[in-house]
Amino acid sequence: MDPLLFTPLELRGLRLRNRIVLSPMLTYSAERGFVNDFHLMHLGKFAVGGTGLVFFESTKVDPRGCTTARDLGLWKDEFVAPMARIVAFLKAHGAATAIQLGHSGRKARSTLPWEGRVPSPDLPGVDHGEEWELVGPSAVPHADGFPVPRELTRAEVKDLVEAWGKAAERANRAGFDVVEIHGAHGYLIHQFLSEHANRRTDEYGGSFANRMRFALEIAERVRASWPAEKPLFFRASAVDEEGWRIEDSIALARELKARGVDVIDCSSGGMTARSAVESVRTLRYGYQVEYAAAIREGAGIATMAVGLIIHADQAEQILRTGQADLVALGRELLHNPNWPVDAAEKLGVGRLGYGQLPRSYGYWLEKRAGTNYGGRPSTWQVGIGDTASAAPARIAASEGLR
Ligand SMILES: Cc1cc2nc3c(=O)[nH]c(=O)nc-3n(C[C@H](O)[C@H](O)[C@H](O)COP(=O)(O)O)c2cc1C
């Protein structure tokens with residue numbers, strides 16, 4: 001029996017060639033919100049390397065929502081054509097394409113990670129060329145020393161729901177197969193969900209139902225204009241540092257499912273400045289898989305597991321044990337964009353990996369496998385070529401993922 005990792009998955013009208021997903025990852029390479037050849041090269045590697053579903057990074061529905069001046073945007077029509085070119089390239093190499101639509105709210109407008117990720121002034125030359133006021137559900141800063149956002153008016157909240165819908169329409173025009181609503185990591189949707197960040201007294205604050213309203217209205221609005229045959233994902237922080245519990249996520253997932261969300265992408269945290277530091281101590285292989293399992297079981301919805309999924313057999317076991325339907329890899333795919341090929345070989349189905357490469361690569365590798373080691377690496381080769389051997393060092397360097 002072929003491994004589940006390489007068994008195609010159908011979601012609505014979409015068929016994924018395997019269950020390996022490139023997790024959304026900011027590359028901080030956009031220019032005034034536009035994609036460029038860096039994105040073609042960067043994302044192209046994963047499509048060519050055999051990944052089933054390739055995610056564009058968190059792309060903002062409103063310029064005020066950019067985390068940094070180098071975020072991608074989809075807040076106007078001009079963004080569609082250059083994105084469509086990249087989407088077509090990825091599809092031509094057999095990958096399905098996804099885009100994550102987000103807004104950073106009170107966590108917007110900061111410097112780049114390697115510049116300290118500190119609040120950035122809204123000054124010409126530093127900005128992305130658009131209005132960049134810091135807004136949030138309430139005038140509560142992300143942490144001490146962070147700027148206080150302006151509380152969004154009710155009308156502005158409705159405008160943002162609409163902005164997500166319009167961005168999804170543009171994503172459809174660009175040819176994407178999947179849209180994901182970014183509801184995690186302490187960004188705007190998560191801020192509305194949080195009792196801590198959301199102190200509103202209108203219908204968007206207070207009770208659990210009120211705090212979920214923004215997320216659910218966005219899901220409804222996006223679903224209304226996102227084609228029925230295309231899947232819709234929602235990334236959630238399954239638990240956070242300010243009291244959001246897995247039970248809350250299960251309840252949210254049930255509501256999202258009722259509104260046409262197909263997959264919950266299960267991440268965690270991001271609500272406080274200390275979370276990234278805390279996570280260094282607690283991170284371990286598959287540290288969020290248990291959330292994917294709990295939400296899948298509790299809400300009866302498909303889930304995607306993410307977070308230090310490194311090894312082929314680890315990924316296969318997550319699927320085999322019914323903990324998730326998809327596995328997303330971030331840094332391990334950055335490390336090795338050909339991970340799917342490597343994984344296929346390690347799971348004893350090298351031919352499936354090679355078959356997903358361009359013929360001009362696959363032909364030669366298949367031939368080499370046939371002559372050298374019958375499609376399976378020898379013990380010696382596992383020893384020197386094991387991409388996972390550097391994993392402990394990468395775990396230690398996990399700070400600042402969000
Ligand atoms: C450079 C970098 C950028 C990231 N950008 C995003 C993003 O745009 N949206 C998001 O939801 N998560 C983002 N993440 C989190 C990843 O999607 C992923 O959940 C996290 O890295 C854990 O998976 P991993 O251990 O396989 O890297 C980012 C992570 C990294 C390392």
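Residues numbered from 1 in each chain as written. Predicted model: local features only at pLDDT ≥ 70, side-chain atom pairs only at ≥ 80, totals over all residues. Heavy atoms only, no water.

Caption draft 1: Focus on the site of the ligand. As a structural note, the neighbourhood of the ligand is formed by 17 residues, with Ser23, Pro24, Leu308, Gly330 and Arg331 the closest of them. A distance of 2.8 Å is found between a nitrogen atom of the ligand and a backbone nitrogen or oxygen belonging to Leu26. At 2.6 Å from an oxygen atom of the ligand is found a side-chain nitrogen or oxygen belonging to Arg331. The protein chains hide 91% of the 610 Å² of surface that the ligand would expose on its own. Taken together, the residues of the shell around the ligand sort by class into eight nonpolar, seven polar and two charged. (Near = heavy atom within 4 Å. Polar contact = N/O pair within 3.5 Å; in protein donor to acceptor, adjacent residues only side chain to side chain. Areas by Shrake-Rupley, 256 points an atom, 1.4 Å probe, with all protein chains shown as cover. Nonpolar A, V, L, I, M, F, W, Y, C, P; charged D, E, K, R; others polar.)

Caption draft 2: Helix H2 (residues 80-92), seen in detail. Over its 13 residues, H2 extends 18 Å from the first C-alpha to the last, a length consistent with the 18 Å expected when each residue adds 1.5 Å. Residues of H2 that are buried include every one of Val80, Met83, Ile86, Val87 and Leu90, and no others. Taken around the axis of H2, the buried residues stretch over an arc of 130 degrees, which confines them to a single face. Structural note: H2 exposes Ala81 and Ala92 on the side pointing more than 90 degrees away from its buried face. Two residues or fewer after H2 comes Gly94, characterised by a positive phi angle close to 85 degrees. (Helix = DSSP H or I, 4+ residues; strand = E, 2+ residues; numbered from the N terminus. Expected span 1.5 Å × (residues − 1). Buried < 20%, exposed > 50% of the residue type's maximum accessible area, 1.4 Å probe, protein only. Arc of directions from axis to C-beta.)

Caption draft 3: Layout of helix H6 (residues 246-258). An ideal rise of 1.5 Å per residue puts 18 Å on 13 residues; H6 measures up with 18 Å between its terminal C-alpha atoms. Along H6, the positions that sit buried rather than exposed are Ile246, Asp248, Ser249, Ile250, Leu252, Ala253 and Leu256. Positive backbone phi, approximately 95 degrees, marks Gly260, located one or two places after H6.

Caption draft 4: Expanded view of the nonpolar core. Core analysis: the largest hydrophobic core is formed by 91 residues, its most contacted members being Phe56, Phe214, Phe234 and Ile264. Here this core gets nine residues from one element, more than from any other, and that element is helix H3 (residues 154-174). Among all residues touching Ile264, those that are not within four sequence positions of it are Phe234, Ala236, Ala253, Leu256, Ile295, Ile301, Ala302, Thr303 and Met304. Formed by 17 residues, the second largest nonpolar core is a distinct cluster that contains Leu53, Phe233, Ala302 and Met304. (Core = buried A, V, L, I, M, F, W, Y, C linked by side-chain atoms within 4.5 Å. Contact = heavy atoms within 4.5 Å.)

Caption draft 5: Spatial organisation of the pairing of strand E6 (residues 96-102). Of all seven residues that make up E6, seven are buried, and the element is covered over most of its length. Of the two faces of E6, the one holding Ala96, Ala98, Gln100 and Gly102 and the one holding Thr97, Ile99 and Leu101 are both buried throughout. Relative to E6, strand E4 (residues 53-60) runs parallel, the two being bridged by seven bridges. The residue bridging Lys60 from the neighbouring strand is Gly102, located in E6. One ladder, built from four bridges, connects E6 with strand E9 (residues 178-183); its direction is parallel. Bridge pairing in E9 links Ile99 to Val179. (Pairing = 2+ DSSP bridges.)

Caption draft 6: Molecular detail of the packing of aromatic side chains. Taken as a whole and judged by the stated rule, the model has ten aromatic pairs. Ring plane angle 85 degrees and centroid distance 4.8 Å describe the contact between Phe56 and Phe176, whose orientation is recorded as edge-to-face. Residue Phe56 is found in strand E4, and its partner Phe176 is found in the loop between H3 and E9; the two are separated by 120 residues along the sequence. The exposure classification of Phe56 matches that of Phe176, with both residues buried. Taking 5.0 Å as the distance between ring centres and 80 degrees as the angle between the ring planes, the aromatic pair formed by Trp75 and Phe79 counts as edge-to-face. Three or more aromatic residues link up through ring pairs in this structure, and these residues are Trp164, Phe192, Tyr204 and Phe214. (Phe/Tyr/Trp six-rings, centres within 6.5 Å; stacked < 30°, edge-to-face > 60°.)

Caption draft 7: Here's a closer look at the side chain of Glu156. Within the fold, Glu156 resides in helix H3. Those residues in contact with Glu156, other than ones at most four positions away along the chain, are Arg64, Arg150 and Glu151.

Caption draft 8: Quick peek at the environment of Thr201. Mapped onto the elements, Thr201 comes out in the loop between helix H4 (188-193) and helix H5 (208-225). In sequence terms Thr201 and Ser138 are 63 residues apart; their C-alpha atoms lie 9.8 Å from each other.

Caption draft 9: Seen up close, the pairing of E4. Of all eight residues in E4, eight are buried; the element is thus mostly enclosed. Bridge count between strand E3 (residues 20-22) and E4: two bridges; the pairing is parallel. Each residue of the ladder has a partner; that of Val21, found in E4, is Leu53. Note: E4 against strand E5 (residues 72-73), two bridges, orientation parallel. Within E5, the position partnered with Lys60 by the bridge is Gly73.

Caption draft 10: The packing of H6 against helix H8 (residues 289-299), seen in detail. Running from N to C, H6 and H8 point in directions that differ by 50 degrees, and their axes come no closer than 9 Å. As far as their axial angle goes, H8 and H6 are oblique. As H6 packs across H8, the resulting crossing turns out to be right-handed. Along its contact with H6, which presents Ile246, Ser249, Ile250, Ala253, Arg254 and Lys257, the element H8 presents Tyr291, Ala294, Ile295, Gly298 and Ala299. Considered class by class, the residues forming the contact of H6 with H8 number seven nonpolar, two polar and two charged. (Axes fitted to C-alpha atoms, helices over the stretch in contact; angles between N-to-C directions. Parallel < 35°, antiparallel > 145°, perpendicular 65-115°, else oblique. Left-handed = near helix turned anticlockwise from the far one by under 90°.)

Caption draft 11: Local environment of the confidence of the model for the chain. Summarising the model, the chain shows a mean pLDDT of 90, and 89% of its residues fall at 70 or more. Below pLDDT 50 for its whole length, residues 378-400 participates in 33 contacts with residues either more than four positions away or in separate chains. (pLDDT = per-residue confidence, 0-100.)

Caption draft 12: Summary view of the side chain of Thr67. Structurally, Thr67 is set in the loop between E4 and E5. Taking relative accessible area as the criterion, Thr67 reaches 4% and is therefore assigned buried. Every residue in contact with Thr67, bar those within four places of it in the chain, is listed here: Lys60, Ser104, Lys107, Ala108, Arg109, Ser110, Trp132 and Tyr187.

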